[in-house]
Amino acid sequence: MLGFVSALMDISSEMIHSLLPLFLVTTLGASALTVGLIEGMAEATALIVRVFSGAFSDYIGRRKTLAVFGYALGALTKPLFALANSTGVVLTARLFDRIGKGIRGAPRDALVADIAPQHLRGAAFGLRQSLDTVGAFLGPLVAVGLMLLWSDNFRAVFWVSVLPGLAAVGLLLVGVREPQRQEAGRRINPIRRENLKRLGASYWWVVGIGAVFTLARFSEAFLVLRARQAGIPLALVPLVMVAMNLVYAATAYPFGRLSDRMSHTCLLRLGLVILIGADLVLAVNNHWGVILVGVVLWGVHMGITQGLLARMIADNAPADLRGTAYGFFNLLSGIAMLLASVIAGLLWDRLGASFTFYAGAGFCLLALLGLAMVRRSAG
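Below: a short report on this structure. Quantities reported herein were computed from a predicted structural model and do not represent experimental measurements. (Residues numbered from 1 in each chain as written. Predicted model: local features only at pLDDT ≥ 70, side-chain atom pairs only at ≥ 80, totals over all residues. Heavy atoms only, no water.)

A short note on helix 11 (residues 201-216)
Helix length check: helix 11 (16 residues) gives 23 Å between terminal C-alpha atoms against 22 Å at 1.5 Å per residue, within 8%. Every buried residue of helix 11 is listed here: Y203, V206, V207, I209, G210, A211, F213, T214 and A216. (Helix = DSSP H or I, 4+ residues; strand = E, 2+ residues; numbered from the N terminus. Expected span 1.5 Å × (residues − 1). Buried < 20%, exposed > 50% of the residue type's maximum accessible area, 1.4 Å probe, protein only.)

Listed below in structure tokens is the structure:
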């Protein structure tokens with residue numbers, strides 16, 4: 001049920017996000033740097049808010065209530081995109097939309113960890129991520145169909161996106177039952193020093209690796225802009241996100257199951273190598289066929305790493321601090337996402353698209369070096 005809730009909300013969100021970079025550049029006259037700033041600030045906001053929502057879900061001992069509020073806020077911000085007449089309004093809409101995502105994210109992930117048996121956590125996170133990503137490729141597909149039907153009318157598509165968002169909220173309310181948790185005495189602040197000390201070195205190692213991965217992988221908005229350079233018709237550009245998310249959805253569950261059986265470090269290393277390949281392919285040429293290969297590799301990287309990192313947090317955090325653990329994980333990832341998207345936008349405007357993707361490959365190499373050093377020091 002949580003997977004289907006995520007799928008519906010992703011249909012709603014991706015109907016907008018797959019078109020938003022084009023809307024900003026072609027309708028509102030924004031630069032690539034502006035796109036990078038908006039995307040970076042929005043995603044960073046979502047990830048930073050998760051610190052507080054995750055800790056609060058630990059404090060009150062309830063996950064579902066916060067998840068419902070976060071999904072509802074996300075659904076109710078969608079009309080702002082349809083009404084936007086400036087980049088400032090788009091930024092406001094993106095920030096409130098991502099605040100909703102931030103509120104629901106850590107409690108939802110903690111709820112998955114609460115429900116799933118320990119030996120099946122990788123498969124559980126992979127399954128939820130796969131269903132989530134089904135929505136992420138259906139959303140752009142619906143957007144393409146409506147853009148063709150309505151002659152590139154961005155605003156009409158944005159209005160339709162409200163419907164699956166509201167459906168997600170309704171399904172969460174009636175379809176998900178939170179497990180009962182044992183009350184262990186009086187409630188205490190999960191962010192107190194003595195509680196944070198219980199998040200050991202292995203947890204903080206995962207947090208650091210997640211931040212480096214985010215720094216190496218800037219916003220997917222730049223995939224959309226790269227596809228536009230290939231001369232693809234405006235209405236068809238979101239098919240790039242369809243392809244990426246289709247691969248992501250197909251690979252997340254198998255790699256999630258694989259993470260229950262093999263070395264997590266090896267899988268992380270594989271994910272970085274594939275992301276290097278994606279960056280190099282996207283940098284070398286803007287022919288649509290070449291871009292498609294890069295986008296497919298990008299999707300495989302996402303399928304390998306995203307559910308794996310979520311599972312690693314669950315494995316390395318105490319059960320009563322899982323919400324807080326996901327919150328801090330996303331705080332550092334949020335800061336990294338902001339930096340990565342701003343750097344990508346600056347490089348795109350100053351040096352061109354190819355240099356942006358070459359820089360991404362360089363960050364991946366640094367991450368691989370860091371993994372090797374940590375592995376050597378641990379061994």
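Past the structure itself, the notes keep going.
A word on the pattern of salt bridges
Applying the stated criterion across every chain, the model contains eight salt bridges. Where D260 meets R311, a salt bridge forms, and the shortest distance between an N and an O atom there is 2.2 Å. Here the residue D260 occupies a position in the loop between helix 13 (239-259) and helix 14 (264-284), and R311 occupies one in helix 15 (residues 288-316), the gap between them amounting to 51 residues. Residue classification places D260 among the partly exposed positions, given a relative accessible area of 23%. The buried category is assigned to R311, whose relative accessible area is 6%. Measuring nitrogen to oxygen at the nearest pair gives 2.4 Å for the salt bridge that ties R311 to D315. In this pair, R311 and D315 both sit in helix 15, four residues apart, roughly one turn of the helix. Among the charged side chains, a network of salt bridges with common partners joins K78, R94, D97 and R98. (Salt bridge = Lys/Arg side-chain N within 4 Å of Asp/Glu carboxyl O.)

Examining the state of the cysteines
Going through the model one piece at a time under the given rule, you end up with zero disulfides. C364 provides the cysteine sulfur closest to C266, a residue in no disulfide bond, and the two sulfurs are 17 Å apart. What makes C266 partly exposed here is its relative accessible area of 35%. Since its relative accessible area comes to 0%, C364 is described here as buried. (Disulfide = S-S within 2.5 Å.)

With respect to a nonpolar patch on the surface
Taken together, L37, M41 and L338 make up a surface patch of nonpolar side chains, about 200 Å² in accessible area. Classification of L37 as partly exposed rests on a relative accessible area of 34%. (Patch = residues over 30% accessible without salt bridge, like charges linked within 9 Å, V, L, I, M, F, W, Y side chains within 5 Å. Areas by Shrake-Rupley, 256 points an atom, 1.4 Å probe, with all protein chains shown as cover.)

Some details on the packing of aromatic side chains
Taken as a whole and judged by the stated rule, the model has eight aromatic pairs. On the basis of an interplanar angle of 70° and a centroid distance of 6.2 Å, the ring pair of W348 and F357 is categorised as edge-to-face. Take W348: its relative accessible area is 10%, and that puts it in the buried class. An aromatic cluster of at least three residues, connected via ring pairs, comprises F23, F81, F154 and F158. Seen from the ring of Y71, R104 lies directly overhead, with NZ or CZ sitting 4.6 Å from the centre. (Phe/Tyr/Trp six-rings, centres within 6.5 Å; stacked < 30°, edge-to-face > 60°. Lys NZ or Arg CZ within 6 Å of the ring centre and 35° of its normal.)

Some words on the packing of helix 11 against helix 14
Two elements in contact, helix 11 and helix 14, have axes separated by 11 Å at closest approach and are oriented at 10°. By the angle between their directions, the pair helix 11 and helix 14 is classed as roughly parallel. When helix 11 is examined against helix 14, the residues W205, I209, F213 and A216 are found in contact with a partner set consisting of T265, L268, L272, L275 and D279. Residue composition of the contact of helix 11 with helix 14, grouped by class: seven nonpolar, one polar and one charged. (Axes fitted to C-alpha atoms, helices over the stretch in contact; angles between N-to-C directions. Parallel < 35°, antiparallel > 145°, perpendicular 65-115°, else oblique. Contact = heavy atoms within 4.5 Å. Nonpolar A, V, L, I, M, F, W, Y, C, P; charged D, E, K, R; others polar.)

What about the nonpolar core?
Counting 105 residues, the largest nonpolar core has W298 and Y326 as the members making the most contacts within it. If you tally residues by element for this core, the top one is helix 15, at twelve residues. For Y326, the residues in contact, after removing those within four places along its chain, are A106, D109, A110, A113, F125, A310, I313 and A314. (Core = buried A, V, L, I, M, F, W, Y, C linked by side-chain atoms within 4.5 Å.)

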